[in-house]
Amino acid sequence: MRHIGKTFPATRRQAAVTALEDVSLTVDRGQVMGVVGPSGSGKSTLARVVNLLERPTTGTVTVDGTELTALPARELNRARRGIGMIFQQFNLLDSRTALANVELPLELAGVGRSERRARAGELLERVGLGDKLGSHPAQLSGGQRQRVAIARALAPRPRVLLCDEATSALDPVSTASVLDLLRTLTDELDLTTVLITHEMDVVKRACDHVTLLESGRVVDAGALGDVAARPHSPLATRLLPHPAPPTGDGVVELTVSGDGHDAVLTELIRRYAVQVAVVAGSVETLGDQRFGRLQLRLDGAPRDVRAALDYLAQSGATGGDGADRLLAGAVA
Ligand SMILES: Nc1ncnc2c1ncn2[C@@H]1O[C@H](COP(=O)(O)OP(=O)(O)O)[C@@H](O)[C@H]1O
Ligand SMILES: [Mg+2]
């Protein structure tokens, strides 16, 4: 998406609403991109703009090398088949079995009966419902219904899967297993997945990249680990919660990760004549990386403490929100 804006015009009842403002966002092939923001921040509008269910007011959408915003209606319809979508409310047909629900998009595309049966059966097998082909939605749990919806979305072999609050109606256990399934399917079927949610925990479990939306604007974006370690927005700090706020002078907060910052601690202790005490800390796994937030108290001669703090600042481990303030407090 390049410079996407979306303004809903004023109606007799409502003033005009700008749902998206200058949103640019790239999702590379194979990624699971989380789009997170509070209610009303424009997430669903963004999802609908990706396949042009909603025409953006400004900007361009390009999927798999094709600029959708430039396509005539007929070609757009064909391109849309390359984009699957699932929703919070599953939107299954109650009168149809799981198998017949998954067959539906293939039916509409004119695929012959035996071929679509086979494909639908295979997909239901893949999402773990091989024994539920003949069940109706009412006989399935929420998590199972969403699995049927996933199988249905995948039936036309899309390259892109859009998920709008796909787990928001599910209990925590079903949420976890549906998220794990989406991650697995993305890898196995070479999909590119956009996971829209208001829940940071969903992002932490399933995504490798994240875009944070607030009032229709992107306030932070990047690899999950990078955004967590160097947040540029209050929303991003929720990816990697800080331990209780540091108390007292001489406490410095450090973010350590599996990508080499761990060495910072070892070096700190080896090189500088300071005593290092861990005051508070937390560790989280984000994407493929482990992150720790540590609050350290450094004790020693002022000169040594200052040198150690300089080293930490220079190493980048104290980068991010509030680090300067913490450092200043520590030096004071
Ligand atoms: N069809 C529409 N007409 C007018 N306003 C809309 C329409 N769809 C969404 N909006 C408004 O756009 C804003 C973003 O909505 P939405 O994209 O649904 O946010 P989210 O999914 O993050 O909750 C909200 O202020 C909402 O009221
Ligand atoms: Mg929404």
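- An unreviewed UniProt entry lists the protein chain under the name ATP-binding cassette domain-containing protein, from Ornithinimicrobium avium.

Some thoughts on the site of ligand 1
Now for step 1: Within the structure, ligand 1 sits among Phe-8, Val-17, Ala-19, Pro-38, Ser-39, Gly-40, Ser-41, Gly-42, Lys-43, Ser-44 and Thr-45.
Now for step 2: Taking Gly-40, its main chain carries an N or O atom lying 2.7 Å from an oxygen atom of ligand 1.
Now for step 3: In this structure, Ser-41 approaches ligand 1 through a main-chain N or O atom, which is 3.2 Å from an oxygen atom.
Now for step 4: Protein coverage of the free-state accessible area of ligand 1, which is 560 Å², stands at 62%.
Now for step 5: Only strand E2 (17-23) and helix H1 (43-50) provide two or more residues apiece to the shell around ligand 1.
Now for step 6: Here the shell around ligand 1 takes three residues from H1, the largest share from any one element.

Quick word on the sheet that holds E2
Now for step 1: Read from one edge to the other, the open sheet built from three strands follows the order E2-E1-E4, with strand pairing classed as antiparallel. Each edge of the open sheet carries a strand with a single partner, namely E2 and strand E4 (58-60). Direction aside, the axes of adjacent strands within the sheet are offset by 25 degrees on average.
Now for step 2: Relative to E2, strand E1 (residues 2-8) is paired through four bridges, and the arrangement is antiparallel.

Quick word on the sheet that holds strand E9 (residues 192-197)
Sheet strands pair by backbone hydrogen bonding; their relative direction is either parallel or antiparallel.
Now for step 1: Strand order across the open sheet formed by six strands is E7-E8-E9-E3-E10-E11, with mixed pairing between neighbours. The open sheet has two edge strands, strand E7 (83-87) and strand E11 (217-223), and neither has a second partner. Sheet twist, expressed as the average angle between the axes of neighbouring strands with direction ignored, equals 15 degrees.
Now for step 2: Here four bridges tie strand E3 (residues 32-36) to strand E10 (residues 209-214), and the two strands are oriented parallel to one another. The residue of E10 that forms the bridge with Val-35 is Thr-211.

Side note on the side chain of Glu-165
Now for step 1: Among the secondary structure elements, Glu-165 is positioned in the loop between strand E8 (160-164) and helix H6 (172-188).
Now for step 2: Although Glu-165 lies buried, it forms no salt bridge, and the closest oppositely charged side chain, Lys-43, sits 4.1 Å away as judged by the N-O distance.
Now for step 3: When sequence neighbours within four positions are dropped, the list of residues in contact with Glu-165 reads Lys-43, Phe-87, Gln-88, Ile-196, Thr-197 and His-198.

Regarding the pattern of salt bridges
Now for step 1: Applying the stated rule across the entire model yields 16 salt bridges.
Now for step 2: A salt bridge links Arg-117 to Glu-103; the nearest nitrogen and oxygen atoms lie 2.8 Å apart. Linking Arg-117 in helix H4 (residues 113-126) with Glu-103 in helix H3 (residues 98-108), this pair joins segments that are 14 residues apart in sequence.
Now for step 3: Judged by its relative accessible area of 36%, Arg-117 falls in the partly exposed class.
Now for step 4: Exposure remark for Glu-103: the relative accessible area of 1% places this residue in the buried category.
Now for step 5: Note that Glu-122 and Arg-119 form a salt bridge whose closest N and O atoms lie 3.5 Å from each other. Of this pair, Glu-122 and Arg-119 both sit in helix H4, separated by three residues, roughly a single helical turn.
Now for step 6: Judged by its relative accessible area of 44%, Glu-122 falls in the partly exposed class.
Now for step 7: Connected via shared salt-bridge partners are Arg-29, Asp-64, Arg-159 and Asp-190.

Rules of the game
- Residues numbered from 1 in each chain as written.
- Chains lettered and ligands numbered in written order.
- Predicted model: local features only at pLDDT ≥ 70, side-chain atom pairs only at ≥ 80, totals over all residues.
- Heavy atoms only, no water.
- Near = heavy atom within 4 Å.
- Polar contact = N/O pair within 3.5 Å; in protein donor to acceptor, adjacent residues only side chain to side chain.
- Areas by Shrake-Rupley, 256 points an atom, 1.4 Å probe, with all protein chains shown as cover.
- Helix = DSSP H or I, 4+ residues; strand = E, 2+ residues; numbered from the N terminus.
- Pairing = 2+ DSSP bridges.
- Axes fitted to C-alpha atoms, helices over the stretch in contact; angles between N-to-C directions.
- Buried < 20%, exposed > 50% of the residue type's maximum accessible area, 1.4 Å probe, protein only.
- Lys, Arg positive; Asp, Glu negative; His and termini not counted.
- Salt bridge = Lys/Arg side-chain N within 4 Å of Asp/Glu carboxyl O.
- Contact = heavy atoms within 4.5 Å.

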